[in-house]
Amino acid sequence: MKRREFLVMSAVGGAVLGLSACGSSKSGGSGAEGDAIVVGYSQLGAESGWRTANTEDIKKHLTAENGFDLTFVDAQQKQENQIKALRDFISQDVDIVAFSPVVETGWDDVLQELKDAEIPVILVDRSVDTTVEDPYVAHIGSDMAAEGKMAGEWVQENFPNAKIFELQGTMGSGPQVDREAAFDAIMGDNVIGKATGNFTRAEGKTAMEAALQAYPDMDLVFSHNDDMGLGAIEAIEAAGKKPGTDIAIVTVDGVKDGLQALVDKKFNYVVECNPIFGEQLGELMKKVVAGEEVEKNTVVEDKTFDQTITQEEVDARPY
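Everything numeric in this text was worked out from a predicted model, so none of it was measured. (Residues numbered from 1 in each chain as written. Predicted model: local features only at pLDDT ≥ 70, side-chain atom pairs only at ≥ 80, totals over all residues. Heavy atoms only, no water.)

Visitor: Quick rundown of helix 9 (residues 278–289)? Include the residues and the values.
Guide: Here helix 9 contains 12 residues, and its C-alpha end-to-end distance of 17 Å stays within 8% of the 16 Å for a straight helix at 1.5 Å per residue. Downstream of helix 9 by a residue or two, G291 has a phi angle that is positive, lying close to 80°. (Helix = DSSP H or I, 4+ residues; strand = E, 2+ residues; numbered from the N terminus. Expected span 1.5 Å × (residues − 1).)

Visitor: Explain the sheet that holds strand 5 (residues 96–99) to me, and be specific about the residues and the numbers.
Guide: Strand order in the open sheet formed by 6 strands is 4-3-5-6-8-15, with parallel pairing between adjacent strands. The sheet is open, and its two edges are formed by strand 4 (68–74) and strand 15 (297–299), each paired on a single side. Strand-to-strand, the axes of this sheet are offset by a mean angle of 15°, without reference to chain direction. Of the pairings in the sheet, the one linking strand 3 (residues 37–43) to strand 5 comprises 4 bridges and is parallel in character. Note that in strand 5 the partner of Y41 across the bridge is A98. The sheet contacts of helix 2 (residues 79–91) involve strand 3, strand 4 and strand 5, and relative to strand 3 the element is tilted by about 170°. The strands touched by helix 9 within the sheet are strand 3, strand 4, strand 5, strand 6 (121–124), strand 8 (138–141) and strand 15, with strand 6 carrying the most contacts at an inclination of about 165°. (Pairing = 2+ DSSP bridges. Axes fitted to C-alpha atoms, helices over the stretch in contact; angles between N-to-C directions. Contact = heavy atoms within 4.5 Å.)

Visitor: Would you mind going over the sheet that holds strand 9 (residues 164–168) in detail, with residue names and values included?
Guide: If you trace the 6 strands from one edge of the open sheet to the other, you get 10-9-11-12-13-16, paired in mixed fashion. For this open sheet the edge positions go to strand 10 (191–196) and strand 16 (304–306), each flanked by a neighbour on one side alone. The average angle at which neighbouring strand axes cross in this sheet is 15°, direction not considered. As paired strands, strand 12 (residues 248–253) and strand 13 (residues 269–272) are joined by 4 bridges and run parallel to one another. Note that in strand 13 the partner of V252 across the bridge is V271. Lying on the sheet, helix 6 (residues 201–214) is in contact with strand 9, strand 10 and strand 11 (220–223); it crosses strand 9 at an angle near 155°.

Visitor: Please give an account of the pattern of salt bridges that cites residues and values.
Guide: Using the criterion set out here, one finds 15 salt bridges in the structure. Between E113 and R87 there is a salt bridge; the shortest N-O distance is 2.8 Å. You can see E113 sitting in helix 3 (residues 108–116) and its partner R87 sitting in helix 2, a full 26 residues away along the chain. With relative accessibility at 36%, the residue R87 sits in the partly exposed group. Taken together, the salt bridges that share partners define one network made up of E47, R51, D125 and R126. (Salt bridge = Lys/Arg side-chain N within 4 Å of Asp/Glu carboxyl O. Buried < 20%, exposed > 50% of the residue type's maximum accessible area, 1.4 Å probe, protein only.)

Visitor: I'd love a proper account of the nonpolar core, names of residues and values included.
Guide: Ranked by size, the top nonpolar core spans 42 residues in total, and within it I122, I164, L281 and M285 carry the most contacts. If one sorts the elements of this core by residue count, helix 9 sits on top with 5 residues. Here this core gathers at least three residues from each of two domains, domain 1 (37–141 + 275–301) and domain 2 (144–273). Leaving out residues up to four positions away in the same chain, I164 has contacts with V155, F183, M187, N190, V191, I192, G193, L220 and F222. The next biggest cluster of nonpolar side chains, apart from the first, holds 26 residues, and it includes L212, M228, A235 and L262. (Core = buried A, V, L, I, M, F, W, Y, C linked by side-chain atoms within 4.5 Å. Domains from an automatic or database assignment.)

Visitor: Can you lay out the environment of G229 for me, pointing to particular residues and giving the numbers?
Guide: One can find G229 in helix 7 (residues 226–238). Separated by 37 residues in the primary sequence, G229 and K266 place their C-alpha atoms 9.7 Å from one another.

Visitor: How would you explain the pairing of strand 4 if you had to name every residue and give the values?
Guide: Bridge count between strand 3 and strand 4: 7 bridges; the pairing is parallel. The residue bridging V38 from the neighbouring strand is D69, located in strand 4. Regarding the hand of the β-α-β motif, the stretch spanning strand 3, helix 1 (residues 49–61) and strand 4 is right-handed. (Right-handed = clockwise from strand over helix to strand, strands pointing away.)

Below, the structure written as structure tokens:
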């Protein structure tokens, strides 16, 4: 029976739940003591400021100086590119694979191939929905459902009667599925319309332009990431309305451009999705390849921000 591999954890304090047995490294692999760990990494793309920051931090830490031999492949937001990259990693006999899946489904065959090749897999940022038993040894990233819940609770407290338009991320992706479900569990009765902006600023603007025509009485936007929210600002201003006042905007990510919009009073609330965990990922990889037990789910700590944030705080942010 199909089961969704997902995170069951608390967002409070970045708690980590669930110890698991962990993958051992392949015998004779390049991860032996004194040798570089050969890593195959498939990033889903560069759709947002968040993803760019995440990629830069991973590359910063998975270096030769830190004991890694990294092959990094950008999938350009196409699942077929990721599957090809994962199969290439198998043919290269890497020590460990990590990837951020574009969508949750469609991974059964390649995950089984990785398992048959005895190559341990770490999921980064996003989740998968698969029939393969124990398809990965560890997951590291934020609790997407907790992010949606925090956004929903803030809207419930501050705009309980809002008429909400929801800007969804890439349909079928972990962040879209989890943030939407958790937010809608709290504010779903207030959601008057939805459309995907595919996590990009340009598509967020386009979706918002159409929504302003279709839902003229909307007064709040919940955007699944900052970039789509920034696109929404452009559309709202072009329509002669004032973002943050005429139409409140709540987003998820916490990139500098998003937090600057908070300082400028164009966003009203931002739930962080922290992309800076390359060092943690590297340490996790070393333990897995060494055959040590690791925690199944590592939750990266997220914060929340409102319009009390200062320019100095934004300027000091690393991403």
